[in-house]
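What the coordinates show
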Amino acid sequence: MFVKKLVEKASKKQHSGGIGGLRAEDVSPRLAFHYGVPADAALLAYDPLLHVLAVATRNGQIKLLGRDNTQALLQSPSPIPSKFMQFADGQGVLLSVNTQNQIEVWDIDTKRLCYLHPFEKQITAFTVLQKSFYIYAGDSFGNVSLFKLDLGQRCLVDLPYCIPFAESYGSTANGGNGVDVAFVSPQPLAESNRLLIIFRDGVMTLWDIKASRVVFVSGRTTQQQSHQEEKNVTSSCWACSKGSKVAIGYDSGDIYLWAIPDIFSAENSSSSSNPNLPLQRLNLGYKLDKVPIISLRWVPSDGKSGRLYINGFSEHAYLYQVLILNEESESRIVKMVLPITEACQGMEFVTGLSDPNKQRQTVLVLLLKSGQICLYDDSEIERYLLQSQSRSPPTLPSHSFVKQPYGDSGINVAKFYTSDRTATANEDYFSTLASKYPWLLSMKDKGQISASLSNIHKTRNLYITGHMDGTISFWDASCPLLLQIFMIKQQHEDNTSSRARITSLQFDMSSSILISGDQGGTVRVITFKKDSSDNILSILQ
């Protein structure tokens with residue numbers, strides 16, 4: 001907008017000797033490339049088949065991160081945040097539900113919004129049935145609607161099938177508060193035939209899709225027990241591979257495990273001792289501070305056990321824990337607390353997006369409240385939990401953060417230089433350059449290019465940045481994805497670090513001399529040695 005207004009003013013002056021022939025429409029400033037994680041990140045989704053991680057922001061943007069450092073930024077026509085986001089796995093389609101209850105269908109290959117489906121009610125639950133690509137949407141009135149994703153046309157098709165609240169909730173439906181759908185998910189091993197619906201007040205229904213009837217109801221007395229305070233469901237997930245157990249988190253900090261009849265059980269659920277009582281209540285510390293359970297994820301391990309990932313936070317407290325759930329015994333709880341420094345907004349498990357030599361490495365991706373992304377090696381978490389059951393002292397799993405391209409300090413001044421070579425860059429040059437880029441979601445820091453004078457002169461486009469903390473960085477800007485060549489941390493004569501803001505930069509490509517000025521009034525002349533690889537700098541100040 002600033003550039004456009006500047007050109008408009010210049011165009012008006014062309015009749016009085018201004019810039020002749022240049023019009024406002026000749027300049028179209030736009031974003032050519034975006035690197036890293038955008039600001040105000042709030043939601044995650046992952047496609048395990050295409051290995052694409054989606055990060056949604058509060059202003060309608062969706063950043064896509066794929067293999068080989070591929071990145072793309074999707075921009076919705078309206079700056080509306082997403083509240084649900086899920087891939088149609090392996091199909092190159094991303095589905096997003098914004099806060100205005102519009103279902104967006106994105107084509108990630110063409111990076112465009114293909115379809116926008118308005119929904120008249122407030123969507124409170126959303127899930128995609130993979131392989132068949134049916135979509136279930138629960139609303140604030142307790143109904144569940146069904147859609148079909150048309151992969152050819154990249155659009156949604158309304159289906160006449162609907163699960164009304166009056167039939168799924170039961171005869172005691174009173175239409176009062178807390179009847180909206182909080183969770184809807186196909187039952188494992190019976191995905192095309194059974195659907196679990198959990199309402200906000202804790203009532204859960206197992207619905208037979210083909211017979212269009214309820215086969216199981218539970219949790220009805222949760223709110224009716226006089227000695228318990230009222231609680232609302234905030235999260236849920238299946239807690240076993242055969243669909244016989246579900247974990248539910250509440251805004252009170254409670255976490256219950258409930259039994260659900262699986263596909264191998266008789267349709268008559270009367271064999272259960274008491275379907276309105278949970279199998280187990282997990283006492284993990286959330287209840288004490290009444291920390292709402294925001295999200296739950298279950299990961300199978302050896303067939304007889306699995307790991308439950310629990311994320312809870314409120315305005316005054318937060319806690320992220322992982323525990324082992326055994327099928328045979330629920331008496332002893334083996335758990336660990338991840339030492340994150342701030343609340344977690346979302347989590348995903350990503351495979352094959354970091355080091356290409358470690359395709360099977362699973363990384364736990366945590367989106368923190370500040371928008372930072374924290375990474376844990378999931379195998380280290382599993383190892384810690386297993387060691388906790390033995391006498392050997394466990395080792396806390398290591399973690400790392402997604403590195404941003406310009407470090408932690410803002411840029412105050414920058415210079416751009418182009419080499420004198422006129423040769424056209426070939427594909428081999430860019431392939432070699434791309435192989436040096438650090439992996440964005442890597443658990444290890446990949447080293448930068450060795451600092452040598454030849455690397456500076458080989459660079460087609462050189463970008464030099466002076467930072468607020470007194471550092472100076474050299475970047476290879478031959479591609480939109482900047483690659484750091486090296487960084488200079490300036491020092492005083494007594495070898496103490498100088499953190500004065502860089503205010504001026506000049507660099508002569510032919511003589512390889514850099515002149516910098518800082519806020520304290522110091523001017524430094526920095527020359528680059530030709531015959532040294534250890535210390536290539538000589539500084540005069």
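Here's what I pulled together on the structure shown here. Just so we're clear, the structure is a prediction, and the values are computed from it rather than from any experiment. (Residues numbered from 1 in each chain as written. Predicted model: local features only at pLDDT ≥ 70, side-chain atom pairs only at ≥ 80, totals over all residues. Heavy atoms only, no water.)

**Points about the overall build of the protein**
Scanning the protein for helices and strands turns up six helices and 36 strands. Within the protein, the proportion of its 541 residues that are buried is 49%. Taking the intrachain contacts of the protein between residues at least 6 apart in sequence as the baseline, contacts between residues at least 24 apart amount to 49%. About 26,700 Å² of surface is accessible on the protein, with carbon and sulfur atoms providing 50% of the total. (Helix = DSSP H or I, 4+ residues; strand = E, 2+ residues; numbered from the N terminus. Buried < 20%, exposed > 50% of the residue type's maximum accessible area, 1.4 Å probe, protein only. Contact = heavy atoms within 4.5 Å. Areas by Shrake-Rupley, 256 points an atom, 1.4 Å probe, with all protein chains shown as cover.)

**Points about the pattern of salt bridges**
Across all of its chains, the model carries eight salt bridges by this definition. Put simply, Arg154 and Asp107 hold a salt bridge, and the shortest N to O gap is 3.2 Å. Within this pair, whereas Arg154 is found in the loop between β11 (144–150) and β12 (155–163), its partner Asp107 is found in strand β7 (residues 102–107), the two being separated by 47 residues in sequence. One salt bridge in this structure joins Arg281 and Asp254, with 3.0 Å as the shortest N-O distance. Remark: Asp254 occurs in the loop between β18 (245–250) and β19 (255–259) and Arg281 occurs in strand β20 (residues 280–281); sequence separation between them is 27 residues. Asp254 gets classed as buried once you look at its relative accessible area, which sits at 1%. (Salt bridge = Lys/Arg side-chain N within 4 Å of Asp/Glu carboxyl O.)

**Structural notes on the sheet that holds strand β22 (residues 305–313)**
Ordered in space as β21-β22-β23-β24, the four strands form an open sheet in which the pairing is antiparallel. Where the open sheet ends on each side, the last strands, each with one partner, are β21 (293–300) and β24 (334–337). Averaged over neighbouring strand pairs, the angle between their axes works out to 20° when direction is ignored. Across seven bridges, β21 lies against β22 in antiparallel orientation. Bridged to Pro300 within β22 is Gly306. Most of the contacts of helix α4 (residues 378–388) go to β24, to which it runs at about 130°, and overall it touches β22, β23 (318–326) and β24. (Pairing = 2+ DSSP bridges. Axes fitted to C-alpha atoms, helices over the stretch in contact; angles between N-to-C directions.)

**Notes on the packing of aromatic side chains**
Considering all chains together, one arrives at twelve aromatic pairs under this definition. Between Phe416 and Tyr463, the aromatic rings sit 6.4 Å apart at their centres with planes inclined by 55°, giving tilted as the arrangement. With Phe416 in strand β29 (residues 411–418) and Tyr463 in strand β30 (residues 461–467), this residue pair connects regions lying 47 residues apart in the sequence. The class of Tyr463 is partly exposed, set by a relative accessible area of 21%. A cation over a ring is seen here: Lys148 above Tyr134, with NZ or CZ 4.4 Å from the ring centre. Here Lys231 stacks its cationic end above the ring of Tyr250, 5.9 Å away from the centre of that ring. (Phe/Tyr/Trp six-rings, centres within 6.5 Å; stacked < 30°, edge-to-face > 60°. Lys NZ or Arg CZ within 6 Å of the ring centre and 35° of its normal.)

**Re unusual backbone geometry**
At Leu189, a position not held by glycine, the phi torsion is positive, near 70°. With respect to the helices and strands, Leu189 occurs in the loop between β13 (181–186) and β14 (194–199). We classify Leu189 as partly exposed; its relative accessible area is 48%. In this structure, Ser512 is a non-glycine residue whose phi angle is positive, near 55°. Here Ser512 is to be found in the loop between β33 (502–508) and β34 (513–518).

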